[in-house]
Amino acid sequence: MMAALFGRSLTLENMVALTVVCNFGRWFTHIGFIMAFGSLLLKTWRIYRIFCNPSLRKRNYLSDQYLIFVVLLMLGILVVYLSIWTGVSPSEWHEFEFINP
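Below or above, wherever it landed, is the structure these notes cover. Bear in mind that the values here come from a model prediction, so they are computed numbers and not experimental data.

How each quantity is defined
- Residues numbered from 1 in each chain as written.
- Predicted model: local features only at pLDDT ≥ 70, side-chain atom pairs only at ≥ 80, totals over all residues.
- Heavy atoms only, no water.
- Salt bridge = Lys/Arg side-chain N within 4 Å of Asp/Glu carboxyl O.
- Helix = DSSP H or I, 4+ residues; strand = E, 2+ residues; numbered from the N terminus.
- Buried < 20%, exposed > 50% of the residue type's maximum accessible area, 1.4 Å probe, protein only.
- Polar contact = N/O pair within 3.5 Å; in protein donor to acceptor, adjacent residues only side chain to side chain.
- Patch = residues over 30% accessible without salt bridge, like charges linked within 9 Å, V, L, I, M, F, W, Y side chains within 5 Å.
- Areas by Shrake-Rupley, 256 points an atom, 1.4 Å probe, with all protein chains shown as cover.

As a further point, take the pattern of salt bridges. In the structure shown here, the tally under the stated rule is one salt bridge. Residue Arg-46 is joined to Asp-64 by a salt bridge in which the shortest nitrogen-to-oxygen separation is 2.4 Å. Highlighted residues: Arg-46 in helix α2 (residues 12-51) and Asp-64 in helix α3 (residues 64-88), separated in sequence by 18 residues. By relative accessible area, Arg-46 is classed as partly exposed at 22%.

Attention shifts here to the side chain of Thr-86. Mapped onto the secondary structure, Thr-86 falls in helix α3. Of note is the side chain of Thr-86, whose polar atom sits 2.9 Å from the side chain of Trp-27.

We now examine a nonpolar patch on the surface. Judged by side-chain polarity, Trp-45, Tyr-48, Tyr-66, Phe-69, Leu-73 and Ile-77 come together as a nonpolar surface patch covering roughly 640 Å² of accessible area. Of all elements in the fold, only α2 and α3 reach the threshold of two or more residues within the nonpolar patch. Residue contributions to the nonpolar patch peak at four residues, all from α3. Tracing the backbone shows Phe-69 in helix α3. Note on Phe-69: relative accessible area 52%, which makes it exposed.

Have a look at this one:
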């Protein structure tokens, strides 16, 4: 299908490029998920800490710098995980032909 779209045959360079694109897709999907839902989770945690404080005199709010640090920590753990995953079992692009019966 890709050969029909680009008007050329699939050479080794094209297959390597498509494999890299498959791996980038995996990385960007996971990093985007952690950035979106991680920040939402931390904002919810901050609101919980503010409103469910048993003593209103004691204010232990979470600062923005601390929340950014936690998101970066989650991203760091994810990068290590994805690096190991990509090193052990990288995504590969395969071309399949479907035969109509």
